[in-house]
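Coordinate analysis (summary)
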Amino acid sequence: MSPVNYVYLAALLFTIGAAGVLIRRNAIVVFMCIELMLNAANLTLIAFSRIHGNLDGQIMAFFVMVVAAAEVVVGLAIIVMMYRSRHSASVDDASLMKL
Amino acid sequence: MSAVATAGTVPSLWTLAAEPLEAPKIEYGQLSPVIIVLGVAVLGILLEAFLPRRVRYGAQLVVTALGLVSAFAAVLGLAVTGHATTKRAVVGMGALAVDGPTLFLQGTILLVGLVSVFVFAERRLEPKSQTAHVDSFAAQPAAVPGGEGEREANAAGWTTTEVYPLLLFAVGGMLLFPAANDLLTLFIALEVFSLPLYLLCALARRRRLLSQESAVKYFLLGAFSSAFLLFGAALIYGYAGTFAYSGIARVIGNADRQTTAVLAETAGSDALLLIGGALVVMGLLFKVGAVPFHMWTPDVYQGAPTPVTGFMAAATKVAAFGALLRLLYVALEGLRWDWRPVMWGVAIVTMIAGAVIAITQTDVKRLLAYSSIAHAGFLLAGVIATEGRGVSSVLFYLGAYSFVTLGAFAVITLVRDAGGEATHLSKWAGLGRRSPLLATAFSVFLLAFAGIPATSGFIGKFAVFAAAAEGGATPLVVVGVIASAIAAFFYIRVMVLMFFSEPKADGPTVAVPSVWTTSAIAIGVVVTLVLGVFPQYFLDLASQAGVFVR
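Bear in mind the structure is a predicted one, so any value in this text is a computation, not a measurement.

Focus: the overall build of chain B
The helix and strand tally for chain B stands at 22 helices and five strands. Taking 550 residues into account, the globule formula puts the C-alpha radius of gyration at 24 Å, and chain B, at 24 Å, falls close to it. Each principal axis of the C-alpha atoms in chain B carries an extent, and together these give about 80 × 55 × 45 Å. Relative to its full complement of 550 residues, chain B shows a buried share of 59%. Intrachain contacts of chain B at a sequence separation of at least 6 include 80% that bridge at least 24 residues.

Quick notes on the packing of helix H7 (residues 183-201) of chain B against helix H13 (residues 306-331) of chain B
Residue and element names in this part refer to chain B. At a closest axis distance of 11 Å, the pairing of H7 and H13 adopts a crossing angle of 170 degrees. Classified by the interaxial angle, the pair formed by H7 and H13 is roughly antiparallel. Residue-level inspection shows Leu186, Phe193, Leu197, Leu200 and Cys201 of H7 in contact with H13, the latter providing Val308, Met312, Ala319 and Ala323. Residue composition of the contact of H7 with H13, grouped by class: nine nonpolar, no polar and no charged.

Some points on the interface of chain A and chain B
The partner chain B presents 43 residues to the 43 residues of chain A that form the contact. Of all the secondary-structure elements, those providing two or more residues to the side of chain A that touches chain B are helix H1 (4-23), helix H2 (27-52) and helix H3 (56-86) of chain A. Class assignment of the residues belonging to the side of chain A that touches chain B gives a composition of 31 nonpolar, eight polar and four charged.

Overview of the packing of H13(B) against helix H16 (residues 389-412) of chain B
Residue and element names in this part refer to chain B. Between H13 and H16, the least distance of the axes is 7 Å, while the angle of their chain directions is 170 degrees. The angle between the axes of H13 and H16 places the two elements in the roughly antiparallel class. Residues Thr306, Thr309, Gly310, Ala313, Ala314, Ala315, Lys317, Val318, Phe321, Leu325 and Tyr329 of H13 touch H16, and the partners they reach there are Val391, Val394, Leu398, Ser402, Thr405, Leu406, Phe409, Ala410 and Ile412.

What to know about the UniProt feature "transmembrane region" (unreviewed entry) in chain A
Residue and element names in this part refer to chain A. Following the UniProt record, one finds the feature "transmembrane region" (unreviewed entry) at residues 6-23, 28-48 and 60-83. Secondary structure over residues 6-23 splits into 100% helix and 0% strand, and the C-alpha atoms at its two ends are 25 Å apart. Between the end C-alpha atoms of residues 28-48 the distance is 30 Å, and the span holds 100% helix and 0% strand.

A short note on helix H6 (residues 163-176) of chain B
Residues separated by three or four positions in an α-helix point in the same direction, a consequence of the helix having 3.6 residues per turn. The end-to-end C-alpha separation of H6(B) is 20 Å, in line with the 20 Å expected for 14 residues at 1.5 Å each. H6(B) sits mainly inside the fold: 14 of its 14 residues count as buried.

As for helix H20 (residues 474-500) of chain B
Residue and element names in this part refer to chain B. Along its 27 residues, H20 runs 38 Å from first to last C-alpha, staying within 8% of the 39 Å computed at 1.5 Å per residue. Along H20, the residues classified as buried are Leu476, Gly480, Ala483, Ser484, Ala487, Phe490, Tyr491, Val494 and Met498. Where H20 is buried, its residues touch helix H14 (336-359), helix H15 (364-384), helix H17 (431-434), helix H18 (436-450) and helix H19 (456-470).

Side note on the environment of B:Leu325
All names here are of chain B. Mapping Leu325 onto the fold places it in helix H13. Since 25 C-beta atoms lie within 10 Å of it, Leu325 is described here as buried. Sequence separation of Leu325 and Pro20 is 305 residues, and the distance between their C-alpha atoms is 36 Å. Those residues in contact with Leu325 that lie beyond four places of it in its chain are Pro101, Val383, Val391 and Val394.

Observations regarding the sheet that holds strand S5 (residues 509-510) of chain B
Residue and element names in this part refer to chain B. As summarised here, the arrangement of the three strands in space is S4-S3-S5, forming an open sheet in which the pairing is antiparallel. Across the chains shown, the open sheet's two edge strands, defined by having one partner strand only, are strand S4 (420-421) and S5. Looking at chain direction, strand S3 (residues 415-417) and S4 are connected through two bridges and run antiparallel. From the neighbouring strand, Arg416 faces S4, where its bridge partner is Glu421.

So, how was this worked out
- Residues numbered from 1 in each chain as written.
- Chains lettered and ligands numbered in written order.
- Predicted model: local features only at pLDDT ≥ 70, side-chain atom pairs only at ≥ 80, totals over all residues.
- Helix = DSSP H or I, 4+ residues; strand = E, 2+ residues; numbered from the N terminus.
- Rg over C-alpha atoms; globule rule 2.2 N^0.38 Å.
- Buried ≥ 20, exposed ≤ 12 C-beta atoms within 10 Å, placed from the backbone.
- Contact = placed C-beta atoms within 7 Å.
- Axes fitted to C-alpha atoms, helices over the stretch in contact; angles between N-to-C directions.
- Parallel < 35°, antiparallel > 145°, perpendicular 65-115°, else oblique.
- Nonpolar A, V, L, I, M, F, W, Y, C, P; charged D, E, K, R; others polar.
- UniProt positions renumbered as here; feature names shortened; annotations may be inferred.
- Expected span 1.5 Å × (residues − 1).
- Pairing = 2+ DSSP bridges.

Structure representation (structure tokens):
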């Protein structure tokens, strides 16, 4: 199968993730959608790495995985902190500063 | 891409293993500012783990300040020995560029970091707990606001001294960001400085719900935008087959295109390049706070602890504009006629929206947030101008703007009432009668924001607009001047409120700060006036620094 199809698949996954961030209201689900976007980018990188025949893309994918893990640590800490003080993880409830 | 599709033309990755592996060559001297800052940050974490609680504050403060000073000395050393001009170089196996803009911005970021440490270190403003002086960061960030754990931590006089290592990690990432010379380093540096900032936003001692809310918003939107940046980087890699800025520029300029059949195929598709470039620029415009990616700015600036807001507002802008300039001028130079119209539009919308929405604000931190959006628009006008004049005017503007911002937020930490900082504008009425010195300092910063002559803001704005006009963007300059006039209205309004209205009986008190905040505000005022009255030396410095290594 042509590796280009993986790029199309990745673009589809990225779009699903971006739509999820905009539509879903639970902070954890929004965060999972962001992770889906990062993994779609990883799939793109690996597909293009195969197409171009160099390893740059695969190395970048490793870095992205590490960054995603670090982001989970920071992000879940922040979301759990918000949940503990409000008993809700809905991003709509976080509106104390709305004008 | 049909040629790519057939299995025979897909190059095998296994042949690469036959080449002998070469050890990477790292130029430790040129990278020393970054290495010092990140090394000291790791040391700070170790201090946090092993020192008893009561000595942590002093130890962290000394170590952090010394680290930032020695990193600044390293930057100065590199600049004096000609690494900004004649010995410009791409170092770290092509990952980082050490040249004029890099060193100028690294020096600015380190000074901003140092002055921010002064504001972070202030312990005179909050009421003393039973045992110790406390600063404006939460006693125990993990404790539920208003709960038993928080009460105990407050009574014990704990403070979050982790803020100093977090600040250093953020500064380290910011030093890398304008130096990033490939898309991989760009993404990593972005995350390295963003993650500590998300955490710092959540650490306020007072109004913790607001602070946590700002952290959630900043984190979700920041991660969303960095995912866009990453996907854009992946698409550009698909187009050019490399992450290096120079390689991308060569493929865009049609120099390398014919070397391999695959590259001829992918580089023939401009869709990859245009979509990828747009997504990467979008990620950077988010960090800069340009309209339409500005929605996070007011909420995060308002909710975050004020010392953090000052640091974030000043240093993030410096780092992100540095990265944006290098990306547009080194990697996407060949696309200039595609990105210029887009940047025109973004600059105009940013200037107008920032200035107009700021008029309706009633909270001084939100007011400064919208003012920072308008300033991002002015800076974008300089980005559009040509390389050379445009780049050096943006460098000067960033240096001038960052100290004004730091000083202004340092003043905000001092105006307080029983509930903490009194940020509502109505409470600032008559401040000039009650505390003339502080109100005068704040007025200097407001005049600099407005771009009144004899302040650094005027020289910066003049340099940026002159460069933009020279680069053929005269309509942009006209819009910029109109936006400046609108913005001047609300800056002057705050001054009128402070000096020409009666103080209220239940108004806020101006806390007497220790030498830390006093010196931060004094440095802000001095830099603002010196850059406004004797700008020539610094303008020369910026214009010498205005050329990128390729």
